[in-house]
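# Analysis of the macromolecular model
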Amino acid sequence: MKLLSIAIPCYNSEAYMEKCIESLLKGGEEVEILVVNDGSSDRTAEIADAYAEKYPTIIKAIHQENGGHGEAVNAGIRNATGLYFKVVDSDDWVNEEAYKQILKTLEELTRGPKTLDMLISNFVYEKQGASRKKVMQYRHCLPVNEIFGWDSVHMSKGKYLLMHSIIYRTKLLHECGLELPKHTFYVDNLFAFEPLPFVKNMYYLDVNFYRYFIGRDDQSVNEKVMIKRIDQQIRVNKLMADAFHNCQFDSKHLKKYMLSYLDIITTVSSIMLVRAGTQEALDKKKEMLEYIREQDL
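These remarks concern the structure in this document. (Residues numbered from 1 in each chain as written. Predicted model: local features only at pLDDT ≥ 70, side-chain atom pairs only at ≥ 80, totals over all residues. Heavy atoms only, no water.)

Our next topic: the overall build of the chain. Across its full length, the chain holds 10 helices and 10 strands. Over its C-alpha atoms the chain spans a radius of gyration of 19 Å, differing by no more than 12% from the 19 Å that the globule rule assigns to 297 residues. Overall size of the chain, expressed as C-alpha extent along the three principal axes, is 55 × 45 × 40 Å. Looking at the chain as a whole, 54% of its 297 residues are labelled buried. (Helix = DSSP H or I, 4+ residues; strand = E, 2+ residues; numbered from the N terminus. Rg over C-alpha atoms; globule rule 2.2 N^0.38 Å. Buried < 20%, exposed > 50% of the residue type's maximum accessible area, 1.4 Å probe, protein only.)

Before going further, it helps to spend a moment on the state of the cysteines. Disulfide: a covalent bond formed between the sulfur atoms of two cysteine residues. Inspection of the entire model under this criterion finds 0 disulfides. Cysteine Cys-10 is unpaired, with the sulfur of Cys-20 as its nearest cysteine sulfur at 6.9 Å. With a relative accessible area of 1%, Cys-10 lands in the buried category. Counting only cysteine sulfurs, Cys-247 is the nearest neighbor of Cys-176, a cysteine outside any disulfide, at a range of 10 Å. (Disulfide = S-S within 2.5 Å.)

For any two aromatic rings, the description comes down to two numbers: the centre-to-centre distance and the angle of the planes. Under the defined criterion, the tally for this structure stands at 14 aromatic pairs. Ring geometry for Tyr-125 and Tyr-212: centres 5.5 Å apart, planes at 45°, overall tilted. Placement of the pair is Tyr-125 in strand 6 (residues 118–127) and Tyr-212 in strand 10 (residues 202–214), with a sequence separation of 87 residues. Between the aromatic rings of Phe-193 and Tyr-261, the centroid separation amounts to 5.4 Å while the plane-to-plane angle is 90°, which identifies the pairing as edge-to-face. Separated by 68 residues along the polypeptide, Phe-193 in the loop between helix 6 (188–191) and strand 10 and Tyr-261 in helix 9 (residues 252–276) bring together distant segments of the chain. For the residue pair Phe-193 and Tyr-261, the accessibility class agrees, reading buried in each case. Ring pairing ties together the aromatic residues Trp-150, Tyr-160, Phe-193, Tyr-257 and Tyr-261, which thus form one cluster. Of note, Lys-19 hangs over the ring of Trp-93, and the distance from its end group to the ring centre comes to 3.5 Å. (Phe/Tyr/Trp six-rings, centres within 6.5 Å; stacked < 30°, edge-to-face > 60°. Lys NZ or Arg CZ within 6 Å of the ring centre and 35° of its normal.)

One finds Ile-120 and Phe-191 to be the most contacted residues of the largest nonpolar core, which totals 103 residues. Discounting residues that sit within four places of it in the chain, Ile-120 has contacts with Tyr-138, Leu-142, Phe-148, Leu-161, Ser-165, Ile-166, Met-202, Tyr-203, Tyr-204 and Leu-205. (Core = buried A, V, L, I, M, F, W, Y, C linked by side-chain atoms within 4.5 Å. Contact = heavy atoms within 4.5 Å.)

Quick look at the side chain of Arg-169 now. Relative to the elements of secondary structure, Arg-169 occurs in strand 9 (residues 166–169). Beyond its immediate stretch of four places on either side in the chain, Arg-169 contacts Leu-83, Tyr-84, Thr-115, Leu-116, Asp-117 and Glu-175.

For Asn-145, which is not a glycine, the phi torsion comes out positive at approximately 60°. Structurally, the position occupied by Asn-145 is in the loop between strand 7 (134–136) and strand 8 (147–148). On the basis of relative accessibility, which here comes to 47%, the residue Asn-145 falls in the partly exposed class. Its identity as a non-glycine residue notwithstanding, His-183 has a phi of 50°, on the positive side. By relative accessible area, His-183 is classed as partly exposed at 47%.

Our focus in this paragraph is the packing of helix 1 (residues 17–25) against helix 2 (residues 44–54). Two elements in contact, helix 1 and helix 2, have axes separated by 11 Å at closest approach and are oriented at 20°. In terms of their interaxial angle, helix 1 and helix 2 are classed as roughly parallel. For helix 1 against helix 2, the interelement crossing comes out right-handed. Seen from helix 1, the contacting residues are Met-17, Glu-18, Ile-21, Glu-22 and Leu-25; seen from helix 2, they are Thr-44, Ile-47, Ala-48 and Tyr-51. Residues of the contact of helix 1 with helix 2, tallied by class, amount to 6 nonpolar, 1 polar and 2 charged. (Axes fitted to C-alpha atoms, helices over the stretch in contact; angles between N-to-C directions. Parallel < 35°, antiparallel > 145°, perpendicular 65-115°, else oblique. Left-handed = near helix turned anticlockwise from the far one by under 90°. Nonpolar A, V, L, I, M, F, W, Y, C, P; charged D, E, K, R; others polar.)

Structural data, given as structure tokens:
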């Protein structure tokens, strides 16, 4: 069995997917790379197949009709055979040295007495044109180099785990029944939120593993793009509220963290709706907040 399955959701990614794949190949035979071609119209499928043919024991190409980022992640989860599961977007990449430390740590922990549910590491904002890189790290919020539970998590205001910083136990994702919505952006927030009540044991490795590229005009985090796709942001926001409402919390620390995360996402949604500057957007903001209030969180 592979140690780590890595899904790469790809949609018209011919310009940058090879950099991503090449960085992940450094993991060798311990890794399974699932290149998910989500109905691309460029050379994405051809590139995926070429890599799968060249590295048949490491890379698997998965082709599907366009279902959006969430459905590509779903396909990755469905096809993953590794003990652990990671998503790396096709325009991002990983640091080789940190990657090797991640794999070494996972291997050591699988031989330990406790079952690890989630491994956390740092990520770096690779902003185009920026000389200084912003690192998202958690050394002041989490214990380092030890297994811990939610009682040891002390996130400061505005700090939370993103998809880029987490690796889940694959079986946990199957057991919690995570199913991300189709044709919806911003589902990475659901990925980093919904499975958390199933997570009991965590481990934080203070290495700058994931490199998160920011700079493309069509990127979903671009403010103009976010306003254009605000209905999808609202949908994710409501689904997070639903997930929180349906939780049976064993830990007050987990409840506090998830409520804080939901508050951050709701604030982002509200700001974008205000910045849209239309009455329709303000009406949507009012409706969204009423929906969340009705959940009695």
